[in-house]
Every structure is written in structure tokens, then in C-alpha cells.
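Below, each chain spelled out in residue letters.
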Amino acid sequence: AQSVSQHNHHVILSEAASLELGCNYSYGGTVNLFWYVQYPGQHLQLLLKYFSGDPLVKGIKGFEAEFIKSKFSFNLRKPSVQWSDTAEYFCAVNALNYGQNFVFGPGTRLSVLP
Amino acid sequence: GAGVSQTPSNKVTEKGKYVELRCDPISGHTALYWYRQSLGQGPEFLIYFQGTGAADDSGLPNDRFFAVRPEGSVSTLKIQRTERGDSAVYLCASSPGLPNTDTQYFGPGTRLTVL
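Everything quoted here is computed from the prediction, not taken from an experiment.

Calculation rules
Residues numbered from 1 in each chain as written. Chains lettered and ligands numbered in written order. Predicted model: local features only at pLDDT ≥ 70, side-chain atom pairs only at ≥ 80, totals over all residues. Heavy atoms only, no water. Pairing = 2+ DSSP bridges. Helix = DSSP H or I, 4+ residues; strand = E, 2+ residues; numbered from the N terminus. Axes fitted to C-alpha atoms, helices over the stretch in contact; angles between N-to-C directions. Contact = heavy atoms within 4.5 Å. Buried area = accessible area lost by both parts, 1.4 Å probe. Salt bridge = Lys/Arg side-chain N within 4 Å of Asp/Glu carboxyl O. Polar contact = N/O pair within 3.5 Å; in protein donor to acceptor, adjacent residues only side chain to side chain.

A. Just the sheet that holds strand β1 (residues 5-7) of chain B, in detail. Residues and elements named next belong to chain B. Read from one edge to the other, the open sheet built from four strands follows the order β1-β3-β8-β7, with strand pairing classed as antiparallel. The open sheet is flanked by β1 and β7 (65-68), the only strands paired with a single partner. Adjacent strand axes in the sheet meet at a mean angle of 15° when their direction is disregarded. With four bridges joining them, β7 and strand β8 (residues 75-79) adopt antiparallel strand pairing. Paired with A67 across the strands is L77, a residue of β8.

B. Quick look at the interface of chain B and chain A. If you look at the interface, chain B gives 21 residues, while chain A gives 20 residues. In this assembly, chain B packs against chain A so that about 1600 Å² is buried in total across both faces, 53% of it on carbon and sulfur atoms. Linking chain B with chain A are zero salt bridges, by the criterion used here. Counting across the chain B and chain A interface gives three residue pairs in polar contact (both at pLDDT 80 or more). Taken together, the elements giving at least two residues each to the side of chain B that touches chain A come down to β4 (31-37) and β5 (44-50) of chain B.

Spelled out as C-alpha cells, the structure:
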């Protein structure tokens, strides 16, 4: 079965610090990869996605993620965080041979201190 | 434009009761998903519809859970004989429906509390 792990449960950073949130998955076949964000009081929204092509994908609000197939990883990065990035971040995987069954990681809560 | 809407936003029920949760997807989206999110966890897939049919219901935890989408738009998640362990936020998402190229758009969720 597919599984997704996220390395950190809660990350606390000061504004302007760099961010990297880890995501690893356990499926060896072809995958689609996603990062979703949930801001306080709002619903889940897509940050970025990888389907194929360039393994470095850029999303909204200055976020990017790199797909490293050999490491089964899809880490999320941002060079300089802002207080408004405070949110819960979820990595998700769709293994193509498993149809439309999306598996989400447990989430990482990011707190950015002003 | 209008996003995915879910009603009710909160539902409190007693153990053993029946509940229905409703999802209105984005107009024109053929794919619809239900997830369950427990406190401190990521969304857990329950069921996926393509049009009116359930294309993948492998995530439904047991036969107390059932979902329908009779006209390929609005969907209802039905839970019979609710248990305290069913308490969670139930999320609905929709997408344009192209297989394996989807971006899912999530609704605000229904918080279900079973007393």
C-alpha cells in the first residue's frame, strides 16, 4: 500500500528564514505528487504539483518542490518565509496504477514568528 | 466563481444515529472525492466518483458508510449507526475529471461529532 511520511510535525521559523519541509512516499511506480496548504480557518488549497518533466516545480507564493525519484522524495522549499505562510502543509501522492486513490501525509504545521 | 460547498458545516449527533453530509462540487467538474480528516492527521481517502458512478470506493471503512451521486453533480455521504470513532472533519473535493492529471479543489468540510 502507498504511504506518505512528512518529517516534521511542527516547524517554527522567524520571518525571512529559509524553509524546507520533507516528504517521502513508499510507492515504486509512476506517481503524481502534490503539496497542499491549509491556512488557519480556510480550506485546503493546492500549492504545487508534479506530474512529469522538470523535477523542480514552482508553485504559488514563491514555493517550489523538487522530485528526487531515487530518494522517493518531494521536499517543499521557500527561500524566505513570511508570517502569512503560517499554515498546515500536506504532501500527497497519487500512484498512477492505483487509480484516483490519493494518499496524504500527516501534515506539517509551520509557525512563522514576526 | 463558486467553489466546492459542503453542508452542514457542523453536525452533532448521538451514537447510533444516521447522518447525511452533502457536497456541491464546482459546476462542470465530473470527478468528486470524499475524504475524512481526524485531528492531527492528513485527509484519508474514502471514495471517488467519476460522473454518477463510484469509480473507487476502497477507502470506505465499513458497510456503515455509503455515498451517492445520482445526477453526477451533488453527492451525499451517508453514515449509518454512527460511532464515536466516526467523529472527524469530512472533506469533499472536485476536479475537472481528467484521469491522473487532476487538481482537486476542496470544500470547507463538515465537522461531525458523535456523542
